[in-house]
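Each chain, written out:
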Amino acid sequence: MSHFQFGVVLKSLPFLWSGLQITLTLTVAGAAAGILLGVLLALMRLSKSRPLSWIAFIYVNLFRSIPAILVLLWFYLLVPLIIDRPVGAFSSALIAFVMFEAAYYAEIIRAGIQSVPVLQREAALSTGLRNWQVMLHVVLPQALNMMTPVMLNQAILLFMDTALVSVIGLHDFTGTASIIATRDGKVVEFYTVIAVVYLCICLTASQIVRRLQKRLQAG
Amino acid sequence: MSKYNWDWSILGEAPYLGWLVTGAELTIALSLCMWAVAFIFGSLIGVIATSRNPLLRAVATFYIGILRNIPPIVQLFVWFFVVPELLPFSWGTFIKRDLSYGPFWTSVVALGLFLSARIAEHLRAGLDSVPSSLVNASLATGLRVAQTYRYVRLPIAYRKMLPTLTSEFLVCFKMSAISMTIGVAEISAQSYQIESYTYHGIEAFTAATIFYLCFSTVIVALSSLIEKRGALSK
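A quick note: this is a predicted structure, and the numbers were derived from the prediction, not measured.

Some thoughts on the overall build of chain A
Moving on, step 1. When helices and strands are tallied, chain A shows nine helices and zero strands.
Moving on, step 2. For chain A, the succession of helices and strands along the chain, N to C, is α-α-α-α-α-α-α-α-α.
Moving on, step 3. Each principal axis of the C-alpha distribution contributes one length, and for chain A these read about 75 × 50 × 25 Å.
Moving on, step 4. Evaluated residue by residue, chain A yields a buried proportion of 42% over its 219 residues.
Moving on, step 5. Taking contacts inside chain A between residues at least 6 apart in sequence as the whole, the part at least 24 apart equals 73%.

Things to note about the overall build of chain B
Moving on, step 1. Counting its regular elements, chain B contains nine helices and zero strands.
Moving on, step 2. Considered along the principal axes of its C-alpha atoms, chain B spans approximately 75 × 50 × 30 Å.
Moving on, step 3. Every one of the 234 residues in chain B was classed for burial, and the buried ones make up 37%.

Concerning the environment of Trp105 of chain B
Moving on, step 1. Within the fold, Trp105 of chain B resides in helix α5 (residues 102-128).
Moving on, step 2. In this structure the C-alpha to C-alpha distance between Trp105 of chain B and Met34 of chain B, which are 71 residues apart in sequence, comes to 9.1 Å.

Comments concerning unusual backbone geometry
Moving on, step 1. Here the residue pair Ala14 of chain B and Pro15 of chain B is connected by a cis peptide bond, since its omega of -5 degrees sits within 30 degrees of zero.
Moving on, step 2. Within the fold, Pro15 of chain B resides in the segment before α1 (16-49).
Moving on, step 3. Phi is positive for Asp84 of chain A, close to 65 degrees, though the residue is something other than glycine.
Moving on, step 4. Note on placement: Asp84 of chain A falls in the loop between α4 (68-83) and α5 (89-114).
Moving on, step 5. Classification of Asp84 of chain A as exposed rests on a count of 9 C-beta atoms within 10 Å.

A short note on the interface of chain A and chain B
Moving on, step 1. Opposite the 25 residues of chain A that make contact, chain B presents 30 residues.
Moving on, step 2. Listed by contribution, the elements that provide at least two residues to the side of chain A that touches chain B are α4 and α9 (187-218) of chain A.
Moving on, step 3. Considering each element in turn, the side of chain A that touches chain B owes the most residues, ten residues, to α9 of chain A.
Moving on, step 4. Of the residues belonging to the side of chain A that touches chain B, the class tally is 22 nonpolar, three polar and no charged.

Quick notes on the nonpolar core
Moving on, step 1. Ile69, Leu72, Leu73, Ala93 and Tyr191 of chain A are the most contacted members of the largest nonpolar core, which totals 121 residues.
Moving on, step 2. Among the elements that make up this core, the one with the highest residue count is α5 of chain A (14 residues).
Moving on, step 3. Setting aside its immediate chain neighbours within four residues, Tyr191 of chain A contacts Ala177 and Ala181 of chain A together with Phe77, Val78, Phe81 and Val82 of chain B.

Describing the packing of helix α2 (residues 13-46) of chain A against helix α8 (residues 173-184) of chain A
Residues and elements named next belong to chain A.
Moving on, step 1. Look at α2 against α8: their axes get within 7 Å of each other, and the N-to-C directions meet at 150 degrees. Judged on the interaxial angle alone, α8 and α2 are roughly antiparallel. Contacts between α2 and α8 involve Phe15, Leu16, Ser18, Gly19, Leu20 and Thr23 from the first element and Phe173, Gly175, Thr176, Ala177 and Ile180 from the second.
Moving on, step 2. A class-by-class count of the residues in the contact of α2 with α8 yields six nonpolar, five polar and no charged.

Focus: the packing of helix α3 (residues 72-86) of chain B against α5 of chain B
Residues and elements named next belong to chain B.
Moving on, step 1. Relative orientation of the contacting elements α3 and α5 amounts to 135 degrees, with a least axis distance of 9 Å. Comparing the axis directions of α3 and α5 gives the class oblique. Handedness of the crossing formed by α3 with α5: right-handed. Contacts between α3 and α5 involve Pro72, Gln75, Leu76, Trp79 and Phe80 from the former and Pro103, Thr106, Ser107, Val109, Ala110, Leu111 and Phe114 from the latter.
Moving on, step 2. Its residues assigned to classes, the contact of α3 with α5 comprises nine nonpolar, three polar and no charged.

Here's the deal with the confidence of the model for chain B
Any segment with low pLDDT has predicted coordinates that should not be analysed in fine detail.
Moving on, step 1. Confidence along chain B averages 92 in pLDDT terms, with 97% of residues attaining 70 or more.
Moving on, step 2. This prediction of the complex comes with two scores: 0.92 for pTM and 0.92 for ipTM.

Observations regarding the environment of Phe114 of chain B
All names here are of chain B.
Moving on, step 1. For Phe114, the position within the fold is in helix α5.
Moving on, step 2. Residue Phe114 is classed as buried on the basis of its 27 C-beta neighbours within 10 Å.
Moving on, step 3. The spatial distance from the C-alpha of Phe114 to the C-alpha of Met34 is 9.5 Å, given a sequence separation of 80 residues.

Here's the deal with α4 of chain A
All names here are of chain A.
Moving on, step 1. Taking 1.5 Å of rise per residue, the 16 residues of α4 would be expected to cover 22 Å, and the 22 Å separating its terminal C-alpha atoms lies within 8% of that figure.
Moving on, step 2. Those residues of α4 lying buried are Ala68, Ile69, Leu70, Val71, Leu72, Leu73, Trp74, Phe75, Tyr76, Leu77 and Val79.
Moving on, step 3. In the segment just after α4, Asp84 is the residue with positive phi, at about 65 degrees.

Parameters at a glance
Residues numbered from 1 in each chain as written. Chains lettered and ligands numbered in written order. Predicted model: local features only at pLDDT ≥ 70, side-chain atom pairs only at ≥ 80, totals over all residues. Helix = DSSP H or I, 4+ residues; strand = E, 2+ residues; numbered from the N terminus. Buried ≥ 20, exposed ≤ 12 C-beta atoms within 10 Å, placed from the backbone. Contact = placed C-beta atoms within 7 Å. Nonpolar A, V, L, I, M, F, W, Y, C, P; charged D, E, K, R; others polar. Core = buried A, V, L, I, M, F, W, Y, C linked by C-beta atoms within 7 Å. Axes fitted to C-alpha atoms, helices over the stretch in contact; angles between N-to-C directions. Parallel < 35°, antiparallel > 145°, perpendicular 65-115°, else oblique. Left-handed = near helix turned anticlockwise from the far one by under 90°. pLDDT = per-residue confidence, 0-100. Expected span 1.5 Å × (residues − 1).

Here is the structure:
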């Protein structure tokens with residue numbers, strides 16, 4: 001082990017940090033926008049309109065049956081074609097993750113909405129609220145609250161999935177490490193360090209989620 | 001989209017059709033091998049996680065904690081780039097140079113072990129859900145602890161887990177695509193290669209997408225058949 005030099009990693013910290021920022025931005029923006037689109041899809045899926053429900057069903061199942069890496073490749077190809085001008089790998093990756101995660105969030109949120117007792121809905125309706133008001137003020141807040149731990153766990157999975165973006169040439173945390181590792185011939189050191197960093201972040205995040213879950217169950 | 005030059009016939013032409021077919025075969029072979037690793041190690045660690053020995057339980061918790069919390073692609077890189085360097089020199093050169101289909105087997109190990117941690121966690125929950133009265137009853141009939149696992153606890157846990165195992169297999173199937181990053185020419189890699197050779201990316205990715213959709217549908221249908229036969233009567 002003595003011939004491995006972990007000191008070189010220290011010198012590259014600014015590069016690695018810039019990569020980690022991309023990873024974190026993708027995770028936070030992807031999860032936030034993914035949840036918004038997910039709510040929309042869940043509402044469509046549960047709506048009384050057959051076509052809307054079908055569109056949401058097809059969307060969710062399509063995205064859930066193909067690998068994240070293929071989704072990234074798809075959007076890297078499609079986004080510039082559709083808007084007819086080149087966009088960077090970052091925008092493509094962000095759009096890909098938002099669309100991809102929305103499918104997973106839609107299923108989580110749908111389960112949340114369905115777990116709110118029907119009696120509450122009926123009670124809310126009988127107070128004179130309209131259907132959409134019941135959804136917006138009574139059902140959705142409870143559903144999202146209940147599903148917060150599950151959605152956060154999904155965000156941790158997204159955090160890990162963002163490591164795939166190097167396949168479309170985006171320099172996230174893993175991508176930067178790969179580049180410097182190959183350039184300096186220090187593959188062992190860099191991959192070990194980023195594995196440990198990912199491990200620490202994910203373990204800490206899932207501990208926090210677990211604590212939150214306990215508090216939700218207790219309260 | 002106006003500038004895109006459509007040509008679906010490209011998918012039927014040589015050599016592209018052949019690429020897609022070998023890619024599909026490789027994806028299926030890879031997923032099955034990964035699944036074997038995931039199932040065997042997942043079962044082992046899952047059983048250890050329910051052991052009465054606190055040291056063994058700690059080993060299982062450690063294993064699951066590490067493998068579940070590092071992105072699979074990083075684990076793949078660690079197995080592919082780091083592990084051969086840490087082994088004795090001759091082993092390292094064997095893996096890097098002499099082993100045929102090296103990236104394939106590396107993916108089997110790396111991604112299979114990642115999935116094994118997920119399966120171990122599910123199996124732990126499944127084993128814990130077997131009523132303790134049932135375990136005690138089987139011990140009272142003279143079965144040893146290992147035999148209670150073999151004849152009572154594992155069969156019940158696996159049956160309860162059938163839907164979970166199906167979805168884990170689908171995760172495994174999709175995850176095989178990550179192997180393209182170290183050069184395994186599975187279906188996603190092949191469609192990407194067709195894209196870069198011909199600029200007919202939409203057609204090529206559509207082919208890969210349809211393959212994933214069809215295979216997933218077949219698996220879901222098969223597993224619901226198995227579930228009907230193997231389900232515990234309620």
